[in-house]
Amino acid sequence: MLEEPEICLCSIFCKRMILTYVCLDLTKMLCYAVGCSFLIRMGARYPLVLLILLLLNGANAALDPRVPEWLTLDGGPPLVVARGGFSGLFPESTKFAYRFAVEASLPDVVLYCDLQFSKNGVGFCRRELRLENSTLISREYPDRASTYNVNGEDLYGWFSVDFGSNELYSINVIQDDYARSNIFDGILRMWSLGDLVDQIQHPHIWVNVEYDLFYLEHGLSTEDYILGLPEEYSVTYVSSPEVALLKSLSGKLRSKTKLILRFLREDVVEPSTRKTYGELLKDLKSIKAYASGILVHKHQIWPQNKDKYLEPSTSLVKDAHAIGLEVHAYGFANDDPNLSHNYSFDPSAEYLQFIDNSDFSVDGLLTDFSPTASEAVACFAHTKNNSYALPPPGNAKKTRPLIITHNGASGIFSDSTDLAYQQAVKDGADIIDCWVRMSKDGVPFCLGSTDLNCSTTAGNAFAAKSNIVNEIQNKSGIFSFDLSWSEIQTLKPNLIGPFSEERLERNPAAKNAGKLLTLDEFLDYAKSSNVSGILIGIEHAPYLATIGLDVVGAISDALANSGYDKETKQHVLIQSEETPVLAAFKKFPKFKRVLTIEFDIGDVSKPSVVEIKEIANAVKLRRSSATRINGYFLSGFTDALVKRLHDAKMEVYVGVLKNEFMNLAFDYWADPMIEIATDTWSVVADGLVTEFPGTAAAYFKSPCSDVERNLSFIIHPASAGELVKLAAVGLVPPAPPPAPMLQPADILDPPLPLCTSQPQFRTSRCRLAPVAKAKADYTANLAAEG
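Rules used throughout
- Residues numbered from 1 in each chain as written.
- Predicted model: local features only at pLDDT ≥ 70, side-chain atom pairs only at ≥ 80, totals over all residues.
- Heavy atoms only, no water.
- Buried < 20%, exposed > 50% of the residue type's maximum accessible area, 1.4 Å probe, protein only.
- Helix = DSSP H or I, 4+ residues; strand = E, 2+ residues; numbered from the N terminus.
- Contact = heavy atoms within 4.5 Å.
- Axes fitted to C-alpha atoms, helices over the stretch in contact; angles between N-to-C directions.
- Parallel < 35°, antiparallel > 145°, perpendicular 65-115°, else oblique.
- Left-handed = near helix turned anticlockwise from the far one by under 90°.
- Nonpolar A, V, L, I, M, F, W, Y, C, P; charged D, E, K, R; others polar.
- Polar contact = N/O pair within 3.5 Å; in protein donor to acceptor, adjacent residues only side chain to side chain.
- Phe/Tyr/Trp six-rings, centres within 6.5 Å; stacked < 30°, edge-to-face > 60°.
- Salt bridge = Lys/Arg side-chain N within 4 Å of Asp/Glu carboxyl O.
- 1 Å grid on protein atoms, 1.4 Å probe; cavity = no way out; pocket = protein on both sides within 12 Å on 5 of 7 lines; lining within 4 Å.
- Points joined across faces, edges and corners; volume = space filled by probe spheres on them.
- Pairing = 2+ DSSP bridges.
- Right-handed = clockwise from strand over helix to strand, strands pointing away.
- Disulfide = S-S within 2.5 Å.

Some points on helix α16 (residues 370-380)
At step 1: Across the eleven residues of α16, eleven count as buried, placing the element largely inside the fold.
At step 2: Among the residues making up α16, those that are buried are Ser370, Pro371, Thr372, Ala373, Ser374, Glu375, Ala376, Val377, Ala378, Cys379 and Phe380.
At step 3: Buried residues along α16 sit in contact with β1 (79-83), α5 (95-104), α15 (347-355), β11 (364-367), α27 (672-681) and α28 (693-701).

Right under this line is the structure:
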């Protein structure tokens, strides 16, 4: 018999000799079978053989870097459990929902069915006891509503026990979450458990029974139904919040089927024990007597305070694992408006909190979005030290797009503040950006908008300075060029998300945190960081020239003073939609010039490509120019547009990317990773402009980001036009007219304003009148001749 330390060392060695995801029990068996002493003796007698085995082990590890040490009860990867299939996109428990869950998730995804009974005892899959919230039954049978007492509460509605199975089979379903799209309503019928088994033929099914006592009162036995299921009904889990049912089933099921106690709110009374679920949760040992595990709400593991920030985790998972109980968590949805601010609207980050921390891992994730949970398990867990990430643009043959910030990590901190830039660098941005604004006294500084109302507290302190400048915007504002830098320094940043009115606030705890940076301070910080480059954005230069502010001159001087005109380690990108501005920076041959096209286009004419090539090396497109969206559906890509630009040796940047699910097309499944994958592999963008650089960096660090790798799971780009084909007729809006083709007239800006007649007030950002220009040229020639 091996000693315990020897077993551990041997187990580690054996596991590394076996390919990914080998069961720990099998590893121990192999180690017990051969013994570490055998390996040691073999190494002594045949050192070359042992060396070859070790080298092969290293090669095998290189084939798939993900050889994780999971902290689940059995040491294997956590299960992904699809509640009603892909119910975050389709009406739950339908053909589309279950099929998409199987096709887009891990191979061992578990399909979850909330069991309801017809009057004649046929089991259907439907979450809510009252059917009118998720079906059209009230329209089909308006006079068949009933009132029943359920767990001490009178409920009025349409109940499955009042209908025969033939009637229920004919009922069409609708989305039961009114915040989600109704685009698939009325085209899919109710499915029975038999439909799920026969048509999907999946080996992993979870049956949840929510109202066993209610069905018993109607002469329907859940116990008899489950025990009578045929062998081909591969039910691997049965759960219920009712202890009596689980105790009755305990010891009677096939060995592969596990019983799970589902916990409701802690103040709810469990009907058979008359104890609250909070009390039951404190007595895990008693649960072990009749169940293999528990299913709890995610907040019972990671509590969340009233401000939607995480509190320290409870000891629930570790306590349950200590006595041999599995722990599965429910309540996961990509489009949850109450998602903790700690996750920055990235649902993958939430899953990782439960499976990839150093303390514990849950054994299963019950989710409405099983593809995203699958990503977390297969792609993002255990990748912090992954060396197989796609490299940034450079000398490598296969590279990824640049990660370019939009006002720093402005999804987490107020835009263009020191904290936003620090977060961007920490999160792995390649290029950090500064959109330069000018104060009244000529100080250039970084901010996302010339209107200080957009991201500062200027509206409180300087409301009297509000005015309308038509050359800037068609509404009133408090503009940077109307305040001195000392006045601007008194302002606080003000973090306002684009969907705040829809309860999707960005990091409210840091709403007024951070400070604005001058351009010089930004350049100093960038120089000291590990970013590969900076982007300087310029807007409204012609107007600023009319009021005596030379933004181009100020930027040129600052870059030269910081040594960026001679810089070789960091790239400099100059971005503007004003072509004279870009032309002015041609004197800096090392700088890359980026033309902003801030309106939708569907293609670009050949003459336009020639014009762009004259003044720019790259083009920044809107998201809606890179992809075609119709009623939140992805209908296609502007392949010709991107190809023409690439053929002209110009890079294409796409943005601005935001994590909030309301910003995403349905085809992206409320998952920002899917949009990143689509822009990378389908749009073939050279740079992604994002307010959440950490999300893009996490995607590119994952081995699953390379669709050309032969892995069992890959984050695939969205398929344009496929999802809309499944939508209900009449619910998809008519296709919008095609976006126009970019023409040369759309690119060439009007000339800069005339210079003033007083030379002392002239700037480099104005044009001389024809006579004055001739005189100036003559004077310059005379000076050149000596």
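Description of unusual backbone geometry
At step 1: In this structure, Val656 follows Gly655 across a cis peptide bond, with omega equal to 20 degrees.
At step 2: Looking at the element boundaries, Val656 is found in strand β24 (residues 651-657).
At step 3: Phi angles above zero are rare outside glycine, and Lys308 is one such case at about 70 degrees.
At step 4: Counting through the fold element by element, Lys308 comes out in the loop between β9 (293-297) and α14 (316-322).

Observations regarding the packing of α27 against α28
At step 1: Running from N to C, α27 and α28 cross one another at 65 degrees; their axes reach a closest spacing of 10 Å. When the interaxial angle is binned, α27 and α28 end up roughly perpendicular. With respect to the hand of their crossing, α27 and α28 are arranged in right-handed fashion. Two secondary-structure elements touch here, α27 through Pro672, Met673, Ile676, Ala677, Thr680 and Trp681 and α28 through Thr695, Ala696, Ala698, Tyr699 and Phe700.
At step 2: Across the contact of α27 with α28, the residue classes break down as nine nonpolar, two polar and no charged.

What to know about the side chain of Ser449
At step 1: Secondary-structure assignment places Ser449 in the loop between β14 (444-446) and α18 (458-461).
At step 2: Owing to a relative accessible area of 17%, Ser449 belongs among the buried residues under this scheme.
At step 3: Polar side-chain contacts of Ser449 include one of 3.0 Å to the backbone nitrogen of Asp451.
At step 4: Setting aside residues up to four positions removed in sequence, Ser449 forms contacts with Arg437 and Cys454.

Things to note about the packing of aromatic side chains
At step 1: Evaluated as defined, the whole model comprises 32 aromatic pairs.
At step 2: Pairing Phe86 with Phe369 gives two aromatic rings, centres 5.7 Å apart and planes at 75 degrees, and the pair type is edge-to-face. Residue Phe86 is located in the loop between β1 and α5, and its partner Phe369 is located in the loop between β11 and α16; the two are separated by 283 residues in the primary sequence.
At step 3: Phe369 sits in the buried class, given a relative accessible area of 3%.
At step 4: With a centroid separation of 5.9 Å and 40 degrees between ring planes, the pair formed by Phe159 and Phe214 is classed as tilted. Remark: Phe214 occurs in helix α9 (residues 212-217) and Phe159 occurs in the loop between β5 (153-157) and α7 (165-169); sequence separation between them is 55 residues.

Here we look at the pattern of salt bridges
At step 1: Tallying each qualifying case throughout the model produces 31 salt bridges.
At step 2: Glu210 is the partner of Arg262 in a salt bridge, and the nearest nitrogen-oxygen pair spans 3.6 Å. With Arg262 in strand β8 (residues 258-262) and Glu210 in the loop between β6 (205-208) and α9, the pair connects residues that are 52 residues apart, well separated along the chain.
At step 3: With relative accessibility at 14%, the residue Arg262 sits in the buried group.
At step 4: Residue Lys318 pairs with Asp359 through a salt bridge whose shortest N-O separation is 3.0 Å. Note that Lys318 is positioned in helix α14 and Asp359 in the loop between α15 and β11, a separation of 41 residues in sequence.
At step 5: Among the residues examined, Lys318 registers a relative accessible area of 42% and is labelled partly exposed.
At step 6: Salt bridges here are not isolated pairs; linked through shared partners, they connect Arg83, Asp177, Arg180, Asp335 and Asp368.

Looking at the packing of helix α20 (residues 519-528) against helix α22 (residues 551-561)
At step 1: Where α20 meets α22, the closest approach of the two axes is 10 Å, and the angle between their N-to-C directions is 35 degrees. Read as a crossing pair, α20 and α22 show a hand that is right-handed. From α20, Leu519, Asp520 and Leu523 reach across to α22, where they touch Ala554, Ile555, Ala558 and Leu559.
At step 2: Across the contact of α20 with α22, the residue classes break down as six nonpolar, no polar and one charged.

Quick notes on empty space enclosed by the protein
At step 1: The tally for this structure, following the rule as stated, stands at four cavities of 30 Å³ or more.
At step 2: Approximately 50 Å³ is the volume found for the second largest cavity.
At step 3: Lining of the second largest cavity is provided by Leu657, Lys658, Asn659, Pro672, Glu675, Ile676, Thr690, Phe692, Thr695 and Ala696.
At step 4: Its residues assigned to classes, the lining of the second largest cavity shows five nonpolar, three polar and two charged.

Some thoughts on the pairing of strand β2 (residues 110-117)
At step 1: Counting buried positions along β2 yields eight of eight residues, so the element is predominantly enclosed.
At step 2: The alternating pattern of β2 places Val110, Tyr112, Asp114 and Gln116 on one face and Leu111, Cys113, Leu115 and Phe117 on the opposite face, and all of these are buried.
At step 3: Relative to β2, β1 is paired through three bridges, and the arrangement is parallel. Residue pairing across strands places Val81 opposite Val110, the latter belonging to β2.
At step 4: Where the polypeptide runs from β1 across α5 and back to β2, its parallel neighbour, the crossover connection is right-handed.

Some remarks on the environment of Lys569
At step 1: With respect to the helices, strands and loops of the structure, Lys569 is situated in the loop between α22 and β18 (571-576).
At step 2: Take Lys569: its relative accessible area is 74%, and that puts it in the exposed class.
At step 3: For the pair Lys569 and Asn530, spaced 39 residues apart in the sequence, the C-alpha separation amounts to 9.7 Å.

Here we look at the pairing of β8
At step 1: The buried count for β8 comes to four of five residues, which makes it a mostly enclosed element.
At step 2: Sheet analysis places strand β7 (residues 235-240) next to β8, joined by four bridges and oriented parallel. Looking at β8, one finds that Tyr237 is bridged to Lys258.
At step 3: The parallel pair β7 and β8 is bridged by helix α11 (residues 243-249), and the resulting crossover is right-handed.

Looking at the state of the cysteines
At step 1: Taken as a whole, this structure holds three disulfides when the rule is applied.
At step 2: Here Cys113 pairs with Cys125 through a disulfide, and the sulfurs are 2.1 Å apart. Of note, the bridge from Cys113 to Cys125 carries an S-S torsion of about -100 degrees and is left-handed in sense. Residue Cys113 is found in strand β2, and its partner Cys125 is found in strand β3 (residues 123-125); the two are separated by twelve residues along the sequence. For the pair Cys113 and Cys125, one class covers both residues: buried.
At step 3: In this model, Cys379 is linked to Cys704 through a disulfide, with the two sulfur atoms separated by 2.1 Å. Given an S-S torsion of about -90 degrees, the disulfide between Cys379 and Cys704 has left-handed geometry.

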